[in-house]
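Now for the letters of each chain:
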Amino acid sequence: MGELQGKVALVTGAGSKEGIGFAIARVLAEMGAAVALTDLCRDLETPGYYSLPTYQDLEERARELRALGVPTLAVKADVTSMESVADMVKRVLEELGPIDILVNNAGGAPSPGPLHAMDEGAWRKTLEINLHGTFLVSKAVVPGMIERGKGGSIVNMASKAGKVPRPFAGAYCVAKAAVIMFTRVQALELAPYGIRVNAVCPAQIDTPLERWSWELEAKVLGKELEQVRREKISQIPLARLGRPRDVAELVGFLVSERASYMTGQAINLTGGQLMIL
Ligand SMILES: NC(=O)c1ccc[n+]([C@@H]2O[C@H](COP(=O)([O-])OP(=O)(O)OC[C@H]3O[C@@H](n4cnc5c(N)ncnc54)[C@H](O)[C@@H]3O)[C@@H](O)[C@H]2O)c1
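Residues numbered from 1 in each chain as written. Predicted model: local features only at pLDDT ≥ 70, side-chain atom pairs only at ≥ 80, totals over all residues.

Undergrad: I would appreciate a short explanation of the site of the ligand in the present structure.
TA: Taken together, 31 residues surround the ligand, and among them Gly-13, Gly-19, Gly-107, Thr-207 and Leu-209 come closest. Breaking the shell around the ligand down by element, the ones donating at least two residues are helix H1 (20-30), helix H4 (120-148) and helix H6 (208-221). A total of 3 residues in the shell around the ligand trace back to one element, the largest contributor, which is H6. Considering only residue class, the shell around the ligand consists of 14 nonpolar, 14 polar and 3 charged. (Near = placed C-beta within 6 Å. Helix = DSSP H or I, 4+ residues; strand = E, 2+ residues; numbered from the N terminus. Nonpolar A, V, L, I, M, F, W, Y, C, P; charged D, E, K, R; others polar.)

Undergrad: In this structure, what is going on with the packing of helix H3 (residues 82-95) against H4? I would like to understand it.
TA: Packed helices, taken two at a time, are described by the angle their axes make and the gap between the axes. Where H3 meets H4, the axes come as close as 9 Å, and the angle between the chain directions of the two elements is 40°. One way to sum up the angle between H3 and H4 is to call them oblique. Regarding H3 and H4, the two cross each other, and that crossing is right-handed. Where H3 approaches H4, its residues Met-82, Val-85, Ala-86 and Val-89 are matched on the opposing element by Leu-136, Val-137, Ala-140 and Val-141. (Axes fitted to C-alpha atoms, helices over the stretch in contact; angles between N-to-C directions. Parallel < 35°, antiparallel > 145°, perpendicular 65-115°, else oblique. Left-handed = near helix turned anticlockwise from the far one by under 90°. Contact = placed C-beta atoms within 7 Å.)

Undergrad: Sorry, what's going on with the pairing of strand E4 (residues 101-104) here?
TA: Here is the key point about a regular strand: its side chains alternate between the two faces of the sheet. Burial of the side chains of E4 extends over both faces: Ile-101 and Val-103 are buried on one face and Leu-102 and Asn-104 on the other. In this structure, E4 lies alongside strand E5 (residues 152-157), joined through 4 bridges in parallel fashion. Residue pairing for E5: Val-103 is matched across the bridge by Val-155. You can see the chain leave E4, run along H4 and come back into E5, and the turn it takes is right-handed. (Buried ≥ 20, exposed ≤ 12 C-beta atoms within 10 Å, placed from the backbone. Pairing = 2+ DSSP bridges. Right-handed = clockwise from strand over helix to strand, strands pointing away.)

Here you go:
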């Protein structure tokens, strides 16, 4: 019997086959949880942004996990809209049951640039997806967890960029730093209810989002993409890029009983790049 048998998990931003969200959904399903996979499904129209998953992609991901023998559900939802989030949570409750595990993974950094020159819309959008989205989904899920009285576990996707400044990614850094503080405050507020809240701070995980950021860097600095990739790897003590599965394994641990004494933490997953923060 899987460790998460009988639990229901909701993972946002889980539509991309190569993304962190789907890897997390897979690990939770392998651990026996019923999993709701949700994603914006390609409405984030930003010129030059990388290709986001469609609803068909999301359904395909849910089907893949159903083959593991657990109930799954694909729900198109925009984490920046309270209405959309409320509809999403309602469907999960109706079709899978009360939510025990929430993973706020949806994120992104449309139109990065120097802070003084950044488009106001891109600034707002970046904060909305990464920070506001985490707030809205938590707001929709947590009251049910409290009311049920059976505890729960929440993992918020932060980033190394929430601890260490990264030029031209100011809005993203600010949003992820705020996600870490959101996690800590919420961990204190929810500890009396047995609900644990932790954040994960990855860096250089080989996903469409990360590869797109290298492409931008290569363009701005006039370098070859392969050179940027090699430089990134050369800065990682473990000398390889992270895999979405690396992040997913940590999330699987955090939401399990094995981490029952951990809350309010912002855990680095950086191949050794970040040690003292
Ligand atoms: N790849 C890395 O190295 C890295 C490092 C640190 C943090 N992260 C974080 O990990 C998370 C997953 O990133 P990824 O690298 O797998 O990229 P990804 O693009 O594969 O995943 C992000 C997903 O979020 C979805 N999304 C965007 N806006 C949304 C919205 N408004 N509502 C619902 N879904 C929305 C996208 O459609 C996409 O499927 C993000 O929060 C990202 O900031 C990634």
